[in-house]
Amino acid sequence: MTAPAAHARFRFAVIVFPGSNCDVDAHRALGEVLGQDVEYVRHDAGDLDGYDAVILPGGFSYGDALRAGAIAALSPVMAAVERFASAGGPVLGICNGFQILCEAGLLPGALHRNRDLKFRCHDVFVRVEAGRTPFTWGIEPGTVLRMPIAHGEGCYTAPPEVLEELERRGQVVFRYVDAAGRRGGDANPNGSAHDIAGICNEAGNVVGLMPHPERCVERLIGGEDGRRVLGAAVRWLAARRELVTGGR
Amino acid sequence: MDAEAARAAPAARWERVGLTEDEYRRLVDLLGREPNDLELEMVGVMWSEHCSYKSSKVHLRRLPSEGPQVLMGPGENAGVLDLGDGTAVALRCESHNHPSAVEPVQGAATGVGGILRDIFTVGARPIALLDSLRFGPPERERNRYLLGGVVSGIAGYGNPVGVPTVGGEVYFEDCYADNPLVNVMAVGVLPRDRIVRGRAEGVGNPVFVVGARTGRDGIHGASLLASREFDQQAEDLRPEVQVGDPFLEKLLIEACLELTAGDAVVGVNDLGAAGLTSACSETASRAGQGIEIDVARVPRREPGMTPDEVMLSESQERMLIIARAGREDEVRRVFTRWGLEAAEIGRVTGDGMFRVRDGDRVVAELPARILTEQAPVYRRPAAPPADLEERWRLPRLEEPGPGDTAHWTAALERLLGSPNLCSRRWIWQQYDYQVRTNTVVVPGADAAVLRVPGSRKGIALAVDGNGRLAWLDPDRGARLIVAEAARNVACTGARPLGLTNCLNFASPERPETMWAFSAVIDGMAEAARALGTPVTGGNVSFYNETMGRGVYPTPVVGMLGVIDDLEKVVTPGFKAEGDALVLLGAPAAGLAGSEYLKVVHGLVRGRPPLVDLDLERRLIDLLVEAAAAGLLRSAHDLSDGGAAVALAEACFAAEPGAAGAEVALPEAGSAAEVLFGEGPSRVLVSTAPGDLQRLLDLAGRLAVPAAVIGAAGGGRLRIRIGGALAVDAEVQRLHRPWSEAMARWMA
Amino acid sequence: MSRQFTAHVRVTLKPGVVDPQGRAVLGALQALGFAGVADVRVGKWIAVTLTAESEDAARGAVDAMCRRLLANPVLEDYRFELTAGAGERP
Amino acid sequence: MSRQFTAHVRVTLKPGVVDPQGRAVLGALQALGFAGVADVRVGKWIAVTLTAESEDAARGAVDAMCRRLLANPVLEDYRFELTAGAGERP
Ligand SMILES: Nc1ncnc2c1ncn2[C@@H]1O[C@H](COP(=O)(O)OP(=O)(O)O)[C@@H](O)[C@H]1O
Ligand SMILES: [Mg+2]
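Residues numbered from 1 in each chain as written. Chains lettered and ligands numbered in written order. Predicted model: local features only at pLDDT ≥ 70, side-chain atom pairs only at ≥ 80, totals over all residues. Heavy atoms only, no water.

## Here we look at unusual backbone geometry
Rules: Helix and strand assignments follow DSSP, with helices taken as H or I runs no shorter than four residues and strands as E runs no shorter than two, numbered in order from the N terminus. Only protein chains enter the area calculation, which uses a 1.4 Å probe; residues under 20% of their type maximum are buried, those over 50% are exposed, and those in between are partly exposed.
With a phi angle near 55°, Asp195 of chain A is a residue other than glycine that sits in the positive phi range. Tracing the backbone through its elements, the reader meets Asp195 of chain A in the loop between β9 (172-177) and β10 (196-200). Using a relative accessible area of 13% as the deciding quantity, one classes Asp195 of chain A as buried. The phi dihedral of Ala703 of chain B falls on the positive side, at around 55°, and the residue is not glycine. Examined against the element boundaries, Ala703 of chain B turns out to sit in the loop between α26 (692-701) and β26 (706-712).

Written out as structure tokens, the structure reads:
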């Protein structure tokens, strides 16, 4: 089962906006560590033809002017991301990438200033709530992962009816919990509604999260839990290819 | 005109630009005529203490700056050290004290921006920042406001620009209340054969100014603020505070590194203090050439700027690029691609002159060297403070014996929750210390460790300073600081390779300051030489005083070490219950200048010890060899707070189940000295029981004293001294005051 | 002939949205001894200088800017005032 | 008898001070095709609800708040308008 995935190689696009600064980290995690083909794609690119998956990395696109992600959401490449997503392609927005996806309307809601107004950089625990997305494919719901956060505007906010809908449709993908998988206490680092750390669109192929899976793919640096998230996409792509080609 | 009137007329001129009459005469001699107003302004700022190092130069020469590992020493924008496999590291430390006192957020932010520019100026990709901070006691609201502002300024610049802030230090003392210190160190990596110099080489080569537009902000800001006492008049300089733009700097980093990776460029210099005046004259005079620029071609942010304003503006996020003739389009193309402006403003000339035009009109023309090499140099009067011996006198302390467990346990708790010893997490949690995923050892350890991209090696980084020790004895204090920085780096298993510094002092016009400065240089030179860590550069910040009250002489050292195998990195926390605890190095320490004396007895007294540099060097060798051999499960430097605090910290950082220690410390002095004494050359290590003998053998071979003091684990910290139980407490109970103190007062 | 205008845009959080900054400022003001302060809300104030053919055109442009970038409809409301800038240009 | 007031405070960067946010927004608006935009400055807009004995007292309090906390005198200017709040309190 895992054998084809381990050898599978796909083409990942890492979008580079002016001010992106985790682009190299995403590139390294997918390329050097997971052995995938990765290319940087500029914010002014017109299409994403030929890529199997798209990553919107973390950072401070346009210096977070006005609201994090607001200006990047209007970049030419975002039209291409939208087309890529509506064709069912897997899209992952990490941190600033998540903020951009919300600002672009590819994900509902918004990311507001952290409850304590401070930038926070430390590890958190998140519980995988939905296993149907490409980035949680094969991860048992309820699994607790340890990943770093590094953000000042990560408080997920949405109108009550949107939150309700997210819950009902199973669009909450990651939730802040403690090491034992329980909600509450200090587990939620930024005041996010419903302890939301990551969500997906209705179809499930567009995922955004505040924690940084690309920062924890090696034992020496940050741990390895992020490998599971990025590795899930490789397995998902392999499974899809298998479906399409009938395993040939 | 009579002689008196002739002297009176120009008097206003030199004073306005901060020169003395003698300096003005020197200028007229060098120039062979009276300078015009713009020329005088340019000389005034370049001959300021901040830009010319006129009071420190004669002393700085005594620092050792050579060694096989030094690829580029002082005199350029950053020092560069060889890592040995084709990779090199650039390092530099700089102060932004006065701007941070005026506006803590932007003062600190622009300090980060400035030091980063020094790093990518030499062609290095910045990979780490560290900060060394000093404030008045946190009991006062204003000091907390300054701390909060400075931290958010560093975070607000370092985080967006995408360079991790991986370490630092902070101390609180009365003397910094009106004059906080904000020193920032930056480190970058580059291929060893691609060092870029700040030189205007090649007659006819085009000169570009790139990045931000030039505005009226900061005219005279950095240079003048940093070259005078901080008084009421300095308050009036307030509108000149500058705002940093980390987004622009991020683009500038990428564009500059892309450009210098090729061969279109012959020289690069950042625009810092004294802006275009400094960058142009320094690049020209380093190359022994002249330079000609046209201020009319400098992109402006505001209409109606005069040539003076353009030449003296200290607008942030700008760089000077000297390209090869014929490659102009390439320069423009790279910057345009990154959304930045690049304006060609002039050429390198062969006549050694710095010529400034405003369109067709020449508005200033003088030999570039007058602004740089020919600035005045002073050997200012130096004399020790009158109360030096008084400072050394340690009163007799009335204290219970080691058997008073309640007393000593309470003292430890109190120390752990005190401003200078409590956890700094509140600060570093606001810094992105992981971006670029190279940070192997994160803040909170003795030194940060980073993977070096493009190399198999890692580097360890630490900044250390101690104003209290330098005030008590500047020469010994400086030795102690260098030794501590080297030891911190060695505690991770890295071999110290070289250092940079930042020397924060009061007014150089006071003999006491210059005496301390000179002694610090001697001490630093001696220690750096003995430990094989050359001084690759640094920064001097004088005039750190307000209303005649100076800060402690505060030398800060940024140390860089190299580790061959990242798998062998050692951290301070205990790893497993039952591991043997060994105290390596000097068995005894005293209370001079210690936190214990200050916190418990309110005293800053005693003569600091003279560090045995030979022992220190052997201890470092031992740490490096033992780490490489895999004999160390943990290593933690004994510094502020002494053995008891070091033991507690090793418990706080322990792996689950390994917290706690049952130890017996050698009875080398009073209980206070044994528990809380501070002295050099001491490290607490833990080792697997099976490796203990090998470790002791190695220590024996290197002639480093080693005492087996106990074992890790058990959840309690129990310290015996000669049979008496001095400290006994749950680790949890000790942890609370330590971990919560800063967040509590900053809430 | 196009004229210069200045739009003063006010972007505020929607009534129900938690305002951590407003809350922090409120707490700080009370701590400073301003006992009478009951509520604080922090928003943005943006000045946009632009040229347009007419006041209507300027108004339309600024409204479009607000919708597309200056305000986030999930969290924020906006309103603006337009004033004719002094300088007329050809 | 103290009454309720609302102050609308506008905090803006002093004229010569660099405005990185404004610069980024200006570039974004131009890239979106709003060609007529010449300048953008981003400031803060703060609504403070307070009770005071009189309008003068309220004005004095708000001015003090601005000087002490709401604006950073080194970099920012402020101005405010005061309106009497609907609710009167004993
Ligand atoms: N304390 C010091 N020790 C060693 N070198 C120093 C010291 N202070 C300054 N230098 C060196 O002097 C040179 C000039 O410093 P400075 O004018 O501050 O540089 P910049 O213009 O890049 O800020 C630099 O190369 C710096 O490393
Ligand atoms: Mg420089």
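## Overview of the relation of the copies chain D and chain C
Note the following rule: When the copies are superposed, the least-squares fit takes in the C-alpha atoms of residues with a pLDDT of at least 70 in both. For this analysis, residues touch if any pair of their heavy atoms sits within 4.5 Å.
In screw terms, the move from chain D to chain C is a rotation of 180° and a rise of 0.1 Å along the axis, fitting with an RMSD of 0.2 Å. Each copy turns onto its partner about a two-fold axis. If distances are taken from each C-alpha of chain D to the rotation axis, the shortest is found for Lys44 of chain D, at 2.1 Å. Looking at the interface residues of chain D, 100% of them are also at the interface in chain C, so both copies use one shared face.

## Comments concerning the environment of Gly142 of chain A
Inspection of the secondary structure assignment puts Gly142 of chain A in the loop between β6 (120-128) and β7 (144-151). Not counting chain neighbours up to four residues away, the residues in contact with Gly142 of chain A comprise Arg127 and Val128 of chain A.

## A short note on the environment of Ala410 of chain B
Residues and elements named next belong to chain B. Tracing the chain through its elements places Ala410 in helix α17 (residues 405-416). A relative accessible area of 40% places Ala410 in the partly exposed class. Taking the C-alpha atoms as reference points, Ala410 and Val704, separated by 294 residues in sequence, lie 33 Å from one another.

## Quick notes on the side chain of Glu153 of chain A
All names here are of chain A. Heads up, the rule is: Charge counting follows a simple rule: Lys and Arg are positive, Asp and Glu are negative, and His as well as the terminal groups are ignored. What makes a salt bridge here is a side-chain nitrogen of Lys or Arg within 4 Å of a carboxyl oxygen of Asp or Glu, nothing more. We call two N or O atoms a polar contact when they sit within 3.5 Å, provided that within protein one can donate a hydrogen and the other can accept it, with sequence-adjacent residues counted only if both atoms are side-chain atoms.
By secondary structure assignment, the location of Glu153 is in the loop between β7 and β8 (155-157). Comment: no salt bridge for buried Glu153; closest opposite-charge side chain is Arg113, at 5.4 Å. A distance of 3.4 Å separates a polar atom in the side chain of Glu153 from the backbone nitrogen of Ala68. With residues up to four places along the chain from it excluded, the contact list for Glu153 reads Asp64, Arg67, Ala68, Gln99, Leu111, His112, Arg113, Asn114 and Met210.

## A few points about the domain arrangement of chain B
Residue and element names in this part refer to chain B. Spelled out, the test is: All domain edges in this entry derive from an automatic or database-based domain assignment. Once two parts are joined, some of their accessible surface, as seen by a 1.4 Å probe, is lost; buried area is that loss totalled over both.
One can read the domain layout of chain B as domain 1 (3-51), domain 2 (197-374) and domain 3 (399-431 + 571-747). Buried surface at the junction of domain 1 and domain 2, both sides included, amounts to about 1800 Å², of which 71% is carbon and sulfur. Considering only the side of domain 1, the residues that lose the most area to domain 2 are Leu38, Met42 and Met46, jointly responsible for 34% of the buried surface there. Applying the counting criterion to the domain 1 and domain 2 interface returns zero salt bridges. Linking domain 1 with domain 2 are five residue pairs in polar contact (both at pLDDT 80 or more). At the level of secondary structure, the elements contributing two or more residues to the side of domain 1 that touches domain 2 comprise α2 (21-31), α3 (37-46) and α4 (49-52).

## Concerning the packing of helix α21 (residues 511-531) of chain B against helix α23 (residues 613-628) of chain B
Residue and element names in this part refer to chain B. Under the convention used in this document: Angles here are taken between N-to-C directions and fall from 0 to 180 degrees, while the axes themselves are lines fitted to C-alpha atoms, restricted in helices to the stretch in contact. By definition in this entry, angles of less than 35 degrees are roughly parallel, angles greater than 145 are roughly antiparallel, angles of 65 to 115 are roughly perpendicular, and the rest are oblique. For any pair of crossing helices, the crossing counts as left-handed if the nearer helix is rotated counterclockwise from the farther one by less than a right angle, and right-handed if it is rotated clockwise. In this classification, Asp, Glu, Lys and Arg are treated as charged, Ala, Val, Leu, Ile, Met, Phe, Trp, Tyr, Cys and Pro as nonpolar, and every other residue, Gly included, as polar.
Contact geometry of α21 with α23 gives a least axis separation of 9 Å together with a crossing angle of 40°. When the axes of α21 and α23 are compared, the pair comes out oblique. When the axes of α21 and α23 are compared, the crossing they make is right-handed. Taken together, the residues of α23 that come into contact with α21 (itself represented by Glu526, Ala527, Ala530 and Leu531) are Leu613, Glu616, Arg617 and Ile620. Residues of the contact of α21 with α23, tallied by class, amount to five nonpolar, no polar and three charged.

## Things to note about the coordination of the magnesium ion (ligand 2)
By definition of the ideal shapes, a tetrahedral metal site with four donors has angles of 109.5 degrees and an octahedral site with six donors has angles of 90 or 180 degrees. All names here are of chain B. How we decide: Coordinating N, O and S atoms are those within 2.8 Å of the metal (3.2 Å for Na, K and Ca), and as water is not part of the atoms, a site may appear to have fewer donors than expected.
Here the magnesium ion (ligand 2) is held by Asn77 (OD1), Asp118 (OD) and Asp270 (OD), and the distances to it run 2.1 to 2.3 Å. Written as a sequence motif, the donor arrangement for the magnesium ion (ligand 2) is N-x40-D-x151-D. Taken as a pair, Asp118 in helix α7 (residues 104-121) and Asp270 in strand β8 (residues 265-270) lie far apart in primary sequence, 152 residues in all. Each member of the pair Asp118 and Asp270 is classed as buried.

## With respect to the site of ligand 1
All names here are of chain B. To keep it simple, the criterion reads: Distances are taken per atom, and a residue is near a molecule or strand as soon as one of its heavy atoms is within 4 Å of it. Computed with a 1.4 Å probe, the accessible areas rest on the Shrake-Rupley method; for each residue, only the protein chains presented here act as cover.
The full set close to ligand 1 counts 16 residues, and Tyr53, Gly75, Glu76, Asn501 and Gly538 are the nearest of them. Residue Gly75 places a main-chain N or O atom 2.7 Å away from an oxygen atom belonging to ligand 1. The protein chains hide 86% of the 560 Å² of surface that ligand 1 would expose on its own. Those elements giving two or more residues to the shell around ligand 1 turn out to be β3 (87-95), β17 (495-504) and β18 (535-541). Here the shell around ligand 1 takes four residues from β18, the largest share from any one element. Tallied by class, residues from the shell around ligand 1 come to six nonpolar, six polar and four charged.

## Details of the interface of chain D and chain C
Our working rule: Two strands form a pair only when DSSP identifies at least two bridges running between them.
Listed per partner, the contact involves 30 residues of chain D and 30 residues of chain C. Where chain D touches chain C, the interface holds zero salt bridges. The interface formed by chain D and chain C holds ten residue pairs in polar contact (both at pLDDT 80 or more) in total. Secondary structure elements with two or more residues in the side of chain D that touches chain C: β1 (3-13), α1 (20-31), β2 (37-52) and α2 (55-70) of chain D. Here the side of chain D that touches chain C takes 15 residues from β2 of chain D, the largest share from any one element. When the residues that make up the side of chain D that touches chain C are grouped by side-chain class, the tally is 19 nonpolar, six polar and five charged. Across 13 bridges, the pairing between strand β2 (residues 37-52) of chain C and β2 of chain D is antiparallel. By the bridge assignment for β2 of chain D, Gly43 of chain C is matched with Trp45 of chain D.

## What to know about the pairing of β3 of chain B
Looking along a regular strand, one sees side chains alternate from face to face of the sheet. Residue and element names in this part refer to chain B. Extensive coverage of β3 is indicated by the burial of eight of its nine residues. Across four bridges, the pairing between strand β2 (residues 79-82) and β3 is antiparallel. Bridge pairing links Asp82 to Ala88 in β3. Connecting β2 to the antiparallel partner β3 that follows it, the hairpin turn spans four residues, and Gly84 within it adopts a positive phi of roughly 100°. When β3 meets strand β6 (residues 181-191), the two strands line up antiparallel, connected through nine bridges. Within the sheet, the bridge partner assigned to Ser95 lies in β6 and is Asn183.

## A closer look at the packing of α7 of chain B against helix α8 (residues 141-161) of chain B
Residue and element names in this part refer to chain B. In contact at an axis separation of 7 Å, α7 and α8 are set at 40° when each is read in the N-to-C sense. Of the possible angle classes, the one that applies to α7 and α8 is oblique. Relative to α8, α7 is oriented so that their crossing is right-handed. Along its contact with α7, which presents Pro104, Val105, Ala108, Ala109, Val112, Gly113, Leu116 and Arg117, the element α8 presents Tyr145, Leu146, Gly149, Val150, Ser152, Gly153, Ile154, Tyr157, Gly158 and Val161.

## What to know about the sheet that holds strand β24 (residues 661-665) of chain B
All names here are of chain B. With respect to topology, seven strands assemble into an open sheet ordered β23-β25-β22-β26-β24-β27-β28, the strand pairing being mixed. Across the chains shown, the open sheet's two edge strands, defined by having one partner strand only, are β23 (634-637) and β28 (724-730). The mean inter-strand angle of the sheet, taken between neighbouring strand axes irrespective of direction, is 20°. Where α17 meets the sheet, it contacts β27 (716-721) and β28, and its direction lies at approximately 50° from that of β28.

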